[in-house]
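This is what each chain is made of:
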Protein chains: 2
Amino acid sequence: MVNIKDVAARANVSVGTVSRVLAKNETVGKELRELVEATIRELNFRPSGVARGLRRSRTDMIGLVIPDITNPFFAELAKHVEASASQAGFSVLLSITNDDPKIELSQIETLLRSYPTGLIVVPTQFGAPAKWQSDIATVAVDRRLKNYPLISVDHYAGAGLAAQHLLQLGHRRIAYIAGPNESPVSRERRKGFLDTLIAAGIQPEVVEGHFDYQSGEVLGKHLLSSPEDVRPTAIATASDQQAIGLMRAASDLDLKVPDNLSIIGFDDIPLANLITPRLTTISQPVEQIAARAVAFVIGENAAGTNAGLLDATLVIRNSTAAPR
Amino acid sequence: MVNIKDVAARANVSVGTVSRVLAKNETVGKELRELVEATIRELNFRPSGVARGLRRSRTDMIGLVIPDITNPFFAELAKHVEASASQAGFSVLLSITNDDPKIELSQIETLLRSYPTGLIVVPTQFGAPAKWQSDIATVAVDRRLKNYPLISVDHYAGAGLAAQHLLQLGHRRIAYIAGPNESPVSRERRKGFLDTLIAAGIQPEVVEGHFDYQSGEVLGKHLLSSPEDVRPTAIATASDQQAIGLMRAASDLDLKVPDNLSIIGFDDIPLANLITPRLTTISQPVEQIAARAVAFVIGENAAGTNAGLLDATLVIRNSTAAPR
DNA sequence: GTGAAAGCGCTAACAA
DNA sequence: TTGTTAGCGCTTTCAC
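Small disclaimer: the values here were computed from a predicted structure and weren't measured.

**Examining the protein's contact with DNA strand C**
Around DNA strand C sit 24 residues, and of these Thr17, Arg20 and Gly29 of chain A together with Ile4 and Arg55 of chain B come closest. Sugar and phosphate atoms form 64% of the subset of DNA strand C atoms that lie within 4 Å of the protein. In the model, a base oxygen of DNA strand C is placed 2.6 Å from a nitrogen or oxygen of the Arg20 of chain A side chain. In this structure, a phosphate oxygen belonging to DNA strand C sits 2.8 Å away from a side-chain N or O atom of Arg52 of chain B. Those elements giving two or more residues to the surface near DNA strand C turn out to be α2 (15–22) and α4 (49–56) of chain A together with α2 (15–22) and α4 (49–56) of chain B. In terms of residues, the surface near DNA strand C owes the most to one element, α4 of chain B, which gives 4 residues. Along the lines of polarity and charge, the residues of the surface near DNA strand C split into 10 nonpolar, 8 polar and 6 charged.

**Things to note about the interface of chain B and chain A**
Taken together, the 43 residues of chain B in the interface contact 44 residues of chain A. Between chain B and chain A lies a buried interface of about 4000 Å² when both sides are counted; carbon and sulfur atoms form 60% of it. Our enumeration of links across chain B and chain A arrives at 2 salt bridges. Note that Arg46 of chain A is salt-bridged to Glu109 of chain B, the shortest N-O span being 2.9 Å. Inspection of the region where chain B meets chain A yields 18 residue pairs in polar contact (both at pLDDT 80 or more). Secondary structure elements with two or more residues in the side of chain B that touches chain A: α4, α5 (72–87), β2 (91–96), α6 (101–112), α9 (213–224) and α10 (240–252) of chain B. When residues in the side of chain B that touches chain A are grouped by element, the largest group, 6 residues, is from β2 of chain B.

**Side note on the protein's contact with DNA strand D**
Within the structure, DNA strand D sits among 25 residues, and Ile4 and Arg55 of chain A together with Thr17, Arg20 and Gly29 of chain B are positioned closest to it. Within 4 Å of the protein, the contacting atoms of DNA strand D are 59% sugar and phosphate, with bases supplying the remainder. A distance of 2.7 Å separates a phosphate oxygen of DNA strand D from a polar atom in the side chain of Ser19 of chain A. Elements with a contribution of two residues or more to the surface near DNA strand D: α2 and α4 of chain A together with α2 and α4 of chain B. The residue makeup of the surface near DNA strand D, split by class, is 10 nonpolar, 9 polar and 6 charged.

**A short note on the nonpolar core**
Ranked by size, the top nonpolar core spans 54 residues in total, and within it Ile62, Leu77 and Ile120 of chain A together with Ile62, Leu77 and Ile120 of chain B carry the most contacts. Ignoring anything within four residues of it in the chain, the contact list for Ile62 of chain B reads Val81, Ala85, Phe90, Ser91, Val92, Leu93, Pro116, Gly118, Ile120, Val294, Val297 and Ile298 of chain B. In this structure, Leu261 of chain A together with Ala175, Ala243 and Leu279 of chain B belong to the second largest nonpolar core, which totals 46 residues.

**Points about unusual backbone geometry**
Phi is mostly negative for residues that are not glycine, and the peptide bonds are mostly trans. Geometrically, the link from Val257 of chain B to Pro258 of chain B is a cis peptide bond, its omega value of 5 degrees lying close to zero. Along the chain, the position of Pro258 of chain B falls in the loop between α10 and β9 (262–264). For Ser57 of chain A, which is not glycine, the phi torsion reads 60 degrees and is therefore positive. Its identity as a non-glycine residue notwithstanding, Asn98 of chain B has a phi of 60 degrees, on the positive side. Along the polypeptide, Asn98 of chain B turns up in the loop between β2 and α6.

**Concerning the UniProt feature "domain: HTH lacI-type" (unreviewed entry) in chain A**
The UniProt record annotates "domain: HTH lacI-type" (unreviewed entry) at residues 2–56 of chain A. Here residues 2–56 of chain A runs as 69% helix and 0% strand, with 21 Å between its end C-alpha atoms.

**Digging into the sheet that holds strand β3 (residues 118–121) of chain A**
Spatially, β11(A)-β5(A)-β4(A)-β3(A)-β1(A)-β2(A)-β2(B)-β1(B)-β3(B)-β4(B)-β5(B)-β11(B) is the arrangement adopted by the 12 strands of the open sheet, whose pairing is mixed. What marks the edges here is a single partner per strand, and that holds for β11 (308–310) of chain A together with β11 (308–310) of chain B. Geometrically, the sheet is characterised by an average inter-axis angle of 20 degrees between neighbouring strands, direction not taken into account. Relative to the sheet, helix α6 (residues 101–112) of chain A contacts β1 (61–66), β2 (91–96) and β3 of chain A together with β2 of chain B, its axis offset from that of β2 of chain A by approximately 155 degrees. Sheet contacts for helix α11 (residues 286–297) of chain A: β1, β3, β4 (137–141), β5 (150–153) and β11 of chain A; angle to β4 of chain A, the most-contacted strand, approximately 165 degrees.

**What to know about the sheet that holds strand β8 (residues 234–237) of chain B**
Pairing between sheet strands relies on hydrogen bonds along the backbone, with the strands arranged either parallel or antiparallel. Residues and elements named next belong to chain B. Strand order in the open sheet made by the 4 strands is β7-β6-β8-β9, with parallel pairing throughout. Each edge of the open sheet carries a strand with a single partner, namely β7 (205–208) and β9. Taking each pair of neighbouring strands and ignoring which way they run, the sheet shows an average axis angle of 20 degrees. The pairing of strand β6 (residues 174–178) with β7 spans 4 bridges and is parallel. Within β7, the position partnered with Ala175 by the bridge is Glu205. With respect to the sheet, helix α7 (residues 155–169) is in contact with β6, β8 and β9, its orientation differing from that of β9 by roughly 160 degrees. Along the sheet, α9 makes contact with β6, β7 and β8, crossing β7 at roughly 150 degrees.

**Comments concerning the domain arrangement of chain A**
The domains assigned to chain A are domain 1 (4–47), domain 2 (57–151) and domain 3 (155–285 + 305–315). Look at where the C-alpha atoms of domain 1 of chain A and domain 2 of chain A centre, and you get two points 35 Å apart.

**Examining the relation of the copies chain B and chain A**
For the pair chain B and chain A, the superposition axis carries a translation of 0.0 Å, the fit reaches an RMSD of 0.1 Å, and the rotation angle comes to 180 degrees. Between the two chains, the operation in question is that of a two-fold axis. Every residue of chain B has its C-alpha some distance from the rotation axis, and the shortest such distance is that of Leu93 of chain B, at 2.3 Å. Comparing contact sets, 100% of the residues at the interface of chain B also lie at the interface in chain A, consistent with an isologous, same-surface contact.

What counts as what
Going along each chain's sequence as written, the residues are numbered from 1 onward. Throughout, the order in which chains and ligands are written sets their labels, letters from A for the former and numbers from 1 for the latter. Only residues with pLDDT of at least 70 are given local features in this predicted model, and only at 80 or more are side-chain atom pairs given and counted; all residues enter the totals for whole chains, interfaces and linings. No hydrogens and no water enter the side-chain calculation; it runs on all heavy atoms of the structure. Any residue with a heavy atom lying within 4 Å of a molecule or strand is counted as near it. Any pair of nitrogen or oxygen atoms within 3.5 Å is treated as a polar contact; in protein, a donor-acceptor pairing is required on top of that, and neighbouring residues in sequence qualify only through side-chain atoms on both sides. Numbering of helices and strands runs from the N terminus; a helix is a DSSP stretch of H or I covering at least four residues, while a strand is a stretch of E covering at least two. The residue classification treats Ala, Val, Leu, Ile, Met, Phe, Trp, Tyr, Cys and Pro as nonpolar and Asp, Glu, Lys and Arg as charged. All others, Gly included, are polar. Every residue pair with non-hydrogen atoms within 4.5 Å of one another is taken to be in contact. Buried area: the accessible area, evaluated with a 1.4 Å probe, that two parts lose upon being put together, summed over both parts. Within this document, salt bridges are pairs made up of a side-chain nitrogen of Lys or Arg and a carboxyl oxygen of Asp or Glu, the two lying within 4 Å of each other. Here, the term nonpolar core denotes a set of buried Ala, Val, Leu, Ile, Met, Phe, Trp, Tyr and Cys residues that are joined through side-chain atoms within 4.5 Å. Classification of residues uses two cut-offs on accessible area relative to the type maximum, computed with a 1.4 Å probe and protein chains only: under 20% is buried, over 50% is exposed, and between them is partly exposed. UniProt positions are given in the numbering used here, feature names are shortened, and annotations may be inferred rather than shown by experiment. Being paired, for any two strands, means DSSP has found at least two bridges between them. Axis definition: a line fitted to C-alpha atoms, over the contacting stretch in the case of helices. Angles run 0 to 180 degrees between N-to-C directions. Where each domain begins and ends follows an automated or database-derived domain assignment. In this comparison the copies share one frame, found by least squares on the C-alpha atoms of residues holding pLDDT of at least 70 in both.

Below, the structure is given as structure tokens:
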């Protein structure tokens, strides 16, 4: 492989000069700069990020640690993190924890060996606080992690939006399919939903499961099995995946959505807009979350782009309507 | 940060010995080895992968280059690649090309700066052959890339399986929703499907679009708009996403699946098993593909685990039935 | 504005 | 079996 020395020799300059050109250092004279640039192209010189990283004790990489890349929300997050990162000249090291704290720990230990500039992590939902530590810039996304700054949608307020929407449509028999109670995110969404409803004098039935399709279907069947006069006219879920599972349950029971049942989800995954009927849901600003997380860890967090809670928005589509 | 020298000093051994312990080199005496291991733990020593990489001209990373992480098939692939890689002690550098050859080129150039041990790439579908080059182990997945070994399902035979299934159910008026004709994968699937049908004396109607939900829906509406006596009783698609879009089209036209229309997809994405009705489809051995790709680039390709075409399997679920 | 040179933390070749 | 040491390819002082 051709290295910086080859380039220097070929261009009859010192390696220092080549390095300065690489760094877009302004102090290099115009002629020399152009000569060096030409030589770089001519020799097809590809600077070693590894040597650079060793010297600077920091590579142009950011570690992204997520529980599950097949979850559409995290896939979306990864997509935008990668886009922001590569925009800024950084590579992303992907690590998948499967929501297992043990794996999270060892994965992060491995990541740290590469001297990344920063770490963006969606922590595992359960279990003890992670016990790794390092002094590199770290930000938590979606879920709280120790004292690291958190970038996330406002789950509480977002769920409140969903409740309000159902209320405004005139629903009174409302049920809620929650996520696991051990998950803080799940608790916040649930509380946001319930608080709003209770403030309106309504006490919804709440069932609890996982965030996945399966849970939505199973719990949905349960909720919808009651006699028509007590059966909920609207069900909100803690995730779009649950909502989609719920739709399936409704269809199995010959219930028309939204005629016989209104459904509202949470997350606004791409699929939400593709199923029939299109799902009314609470949208997370994923792209913004990703951009902020990246900006934060690479130190570009200008004032105003700090960590913090971002607003969710209500996206009204075809799965909700007034009760009949 | 504590380094190998600190460990050596603390344990009163040479750095060479520490390095050998790190490398699990058997030639280190038991006592010394244990002493060093204890010291490593005591000092919380985390060896620098960067220094190691520089010295060896190769890091314990593999680059994964895919068009779109939000595509369920690629997400699944990424998941298993990450699992296999971290199993073997490798990190994965994720790169997303958005199916843009320009981006692919620059992303790969960036990846190469990190001296990865290997590259697993799902090349962009269209455009000229990529013009980057390097001497590190590279394998193409799903789609052909120059002369690199290809690991992929047998698209042609897989599509043939779908055709056979429809034939066996008794369908005669069959249509096919293909992927873009510029995509070799798309062409193989289409040819596999058509060849089988034509051999049975049937000439299906073929429409062409993209691999996404949208295309399935739009093209499906078109196919299903013909009068009932000429309308296809079964439609196969080049992807599950198209099949799901097609289901939506059918539902909009009040056609029951599989009573009035049989649908068979391709890929077996997780969602295929969750929608209503569950989708009959051709399953790709994604996990196996990922494992082989990783084994190949890290040089563990023992005889028998070579690159090559893997078998697709027919997964019969509820979206196909005999015509009425 | 440019060159010279030290050194980042490891590995591997060689010596003992 | 263990120690010593050169050097991987860069960046960054320090001179000039």
